[in-house]
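Secondary and tertiary structure notes
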Amino acid sequence: MAGRAPERRVNLNERLARKGPRKLLAIDGGGIRGVLSLQILQSIEKLLIQGSGRHDYRLADYFDYVAGTSTGGIIAAGIAIGMSVREILDFYLNNGAAMFDKASILRRLQYQYNKEPLALQLQNVFGPATTLGAPEIESLLLLVMRNATTDSPWPISNNPYAKYNRDGHVACNLRIPLWQLVRASTAAPTYFPPEVIDSGGKPFVFVDGGVTMYNNPTFQMFLMATVDRYWPHAAVDSRGWRTGVDDMLIISVGTGTSAGENYSLRPEEMNLIFNATTVPSALMYAALNEQDFLCRVFGDCVSGPLLDREVDSMLGSRGPLERKLFRYARYNAELTREGLAALGCADIEPASVQKLDSIDALDGLQRIGQATAAQNVKAEHLNLSVFKP
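In what follows, the accompanying structure is described. Since the structure is predicted, the reported quantities are computational estimates derived from the model, not experimental observations. Residue numbering note: each chain is counted from 1, following its sequence as written. Where totals are concerned, whole chains, interfaces and linings use all residues; where local detail is concerned, this predicted model gives features only for residues with pLDDT of at least 70, and gives and counts side-chain atom pairs only at 80 or more. Heavy atoms throughout the structure, all of them, feed into the side-chain values; hydrogens and water do not.

Between the rings of Phe, Tyr and Trp (Trp by its six-membered ring), a pair exists once the centres lie within 6.5 Å; its type follows the angle of the planes, with under 30 degrees stacked, over 60 edge-to-face, and the other angles tilted. Under the defined criterion, the tally for this structure stands at 10 aromatic pairs. Seen in terms of ring centroids, Phe219 and Phe298 are 5.8 Å apart; in terms of plane orientation they differ by 35°. Their pairing is tilted. Residue Phe219 is found in helix H8 (residues 218–226), and its partner Phe298 is found in helix H9 (residues 272–298); the two are separated by 79 residues along the sequence. Only protein chains enter the accessibility calculation, which uses a 1.4 Å probe; a residue is then buried when its area is under 20% of its type maximum, exposed when over 50%, and partly exposed in between. For Phe219, a relative accessible area of 11% translates into the label buried. Counting from the N terminus, the helices are the DSSP runs of H or I reaching at least four residues and the strands are the DSSP runs of E reaching at least two.

Structure, rendered in structure tokens:
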């Protein structure tokens, strides 16, 4: 399994007992476009290496809570076990094509790709026996999936104080293999088949968390870090992390958006097929934006692209609270022709990098991520004098 040697690991229980500011990181879903996010994360990691003076410094050393949905779940889990960003990026570059292994013609009415190659690669990275409660996981980790059996979102974390993580609970989530949870979070409908996970002796069918409200899991992560109901079995002084712009830093990283305008659309074109192919992505985009918007309202947004023409980027905005609850930075790229041109990537065809399975566009996605990081990721966003590495 990838990750660090046992003597270099951060102990989760010791981390949770610490006092001082908390740092949280969330990564969106987006298929192979995760390589774009990794370029942004690599820039953040470099800043932290410089700030710490340690060449072997990892994101797991810095972030107390890491959340991810779908491909973001792969990245978040890799970070949480102490992998460097370079190691996670190599996983994508070396295995991307193999993970998107075409299913047989007869199966393609259900899904496009076989699950076995992806499942095997995830077992190779995380280990077949590593569970959600394993000591290899150095930070709090939140993974998002959808429980199709109960028709409900399923955000699951390794918080040892959570109700369903107690050792004596018949359906203790900490016993579930980590690779299987990550695989469930990446089971995008029509792309990959569902994942069946046994919990408390019952089989549950799971699909990609991107089809819930939490393809961007940032605000959900904030709630699970601060609301006492997520910490029911903790000591009184540990229930929910302290909030404030000098007490909590949240970094949110996207995988690129591609909302566009179509002024040639006619009402009669909006038939059953049109709605079936466009409504899911429209709902996912709206949910992603809502999570981001909530963070900018309740947090002090120090960086973030335009949300919409009415509210702009919300930098320096005031909200309904007398004080902001956290410091917040959002990094993402717009994968439209105009957005790519603004990044200096006008030669990249937008359609080639917009799909979840754009495995032939890895070089382009990396360039976009590098350009996004160069334009947007700044050391002052992290406020390293307060949120020290």
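Picking up after the structure, the text goes on.
Another aspect to go through is the packing of helix H2 (residues 34–52) against helix H12 (residues 362–376). Where H2 meets H12, the closest approach of the two axes is 7 Å, and the angle between their N-to-C directions is 35°. For H2 against H12, the interelement crossing comes out right-handed. Two secondary-structure elements touch here, H2 through Val35, Leu36, Gln39, Ile40 and Ser43 and H12 through Leu362, Leu365, Gln366, Ile368, Gly369, Gln370, Thr372 and Ala373. Counted by class, the contact of H2 with H12 contains 7 nonpolar, 6 polar and no charged residues. Between the N-to-C directions of two axes lies an angle of 0 to 180 degrees, each axis being a line fitted to C-alpha atoms and, for a helix, fitted only over the stretch in contact. Handedness of a helix crossing follows the sense of rotation of the near helix relative to the far helix, less than a right angle counterclockwise being left-handed and clockwise being right-handed. The contact definition used throughout considers only heavy atoms, calling two residues in contact when any of these lie within 4.5 Å. Only Asp, Glu, Lys and Arg are considered charged in this grouping, and only Ala, Val, Leu, Ile, Met, Phe, Trp, Tyr, Cys and Pro are considered nonpolar; every other residue, Gly among them, is considered polar.

Where two cysteines share a covalent bond between their sulfur atoms, that bond is called a disulfide. Defined by distance alone, a disulfide is two cysteine sulfur atoms within 2.5 Å. The final tally for this structure, using the stated rule, is 0 disulfides. With no disulfide of its own, Cys295 has Cys301 as its nearest cysteine by sulfur position, at a separation of 9.1 Å.

With that settled, the discussion passes to H12. A helix is expected to reach a length of 1.5 Å times the quantity of its residues less one. If you check H12, its first and last C-alpha atoms are 21 Å apart, about what 15 residues at 1.5 Å a residue would give, namely 21 Å. What H12 keeps buried is the set Leu362, Gly364, Leu365, Gln366, Ile368, Gly369, Ala371, Thr372 and Ala373.

Our next topic: the pairing of strand S5 (residues 195–199). Of the two faces of S5, the one holding Glu195, Ile197 and Ser199 is buried and the one holding Val196 and Asp198 is not buried anywhere. Strand pairing is assigned whenever DSSP identifies at least 2 bridges connecting the two strands. Looking at chain direction, S5 and strand S6 (residues 202–208) are connected through 5 bridges and run antiparallel. Across the sheet, Asp198 pairs through a bridge with Pro203, a residue of S6. Counting the residues that bridge the hairpin from S5 to S6 gives 2 residues, and of these Gly200 lies at a positive phi of roughly 65°.

Let us look at the side chain of Asp61. Mapped onto the secondary structure, Asp61 falls in helix H3 (residues 59–62). Here a polar contact is recorded for every N or O atom pair within 3.5 Å, except that within protein the pair must consist of a potential hydrogen donor and a potential acceptor, and residues adjacent in sequence are included only if both atoms are side-chain atoms. A polar contact is formed between the side chain of Asp61 and the backbone nitrogen of Arg58, at a distance of 2.8 Å. Apart from the residues within four sequence positions on either side, Asp61 is in contact with Arg4, Val10, Arg15, Arg54 and Asp56.

It is characteristic of soluble globular proteins that their nonpolar side chains tend to be buried jointly. Leu25, Leu41, Leu178, Ile251 and Ile368 are the most contacted members of the largest nonpolar core, which has 76 residues in total. Per-element tally for this core: the top contributor is H2, with 8 residues. Not counting the four nearest positions on each side in its chain, Ile251 is found in contact with Leu24, Leu25, Ala26, Ile44, Phe63, Ala329, Tyr331 and Leu382. We define a nonpolar core as any set of buried Ala, Val, Leu, Ile, Met, Phe, Trp, Tyr and Cys residues linked to one another through side-chain atoms lying within 4.5 Å. Core analysis: the second largest hydrophobic core is formed by 25 residues, Met221, Phe222, Cys301 and Leu325 among them.

With respect to the helices and strands, Asp360 occurs in the loop between helix H11 (350–354) and H12. Take Asp360: its relative accessible area is 81%, and that puts it in the exposed class. Sequence separation between Asp360 and Ala97 is 263 residues; the distance between their C-alpha atoms is 8.5 Å.

Further remarks concern unusual backbone geometry. One non-glycine residue, Asp312, lies in the positive phi region at around 60°. With respect to the helices and strands, the residue Asp312 is situated in the loop between strand S8 (300–303) and strand S9 (327–331). Within the chain, Asn383 stands out as a residue other than glycine whose phi angle is a positive 50°. With respect to the helices and strands, Asn383 occurs in the segment after helix H13 (379–382).

What follows is about the pattern of salt bridges. Think of a salt bridge as a Lys or Arg side-chain nitrogen and an Asp or Glu carboxyl oxygen that are within 4 Å of each other. Enumeration according to the criterion identifies 14 salt bridges in this entry. In this structure, the salt-bridge partner of Asp56 is Arg54, at a minimum N-O distance of 3.1 Å. Judged by its relative accessible area of 22%, Asp56 falls in the partly exposed class. Given a relative accessible area of 29%, Arg54 falls into the partly exposed group. Ionic pairing is found between Asp247 and Arg242, a salt bridge with its closest N-O pair at 3.6 Å. Beyond isolated ion pairs, a larger network of salt bridges with shared partners links Asp28, Asp292, Arg296 and Arg330.

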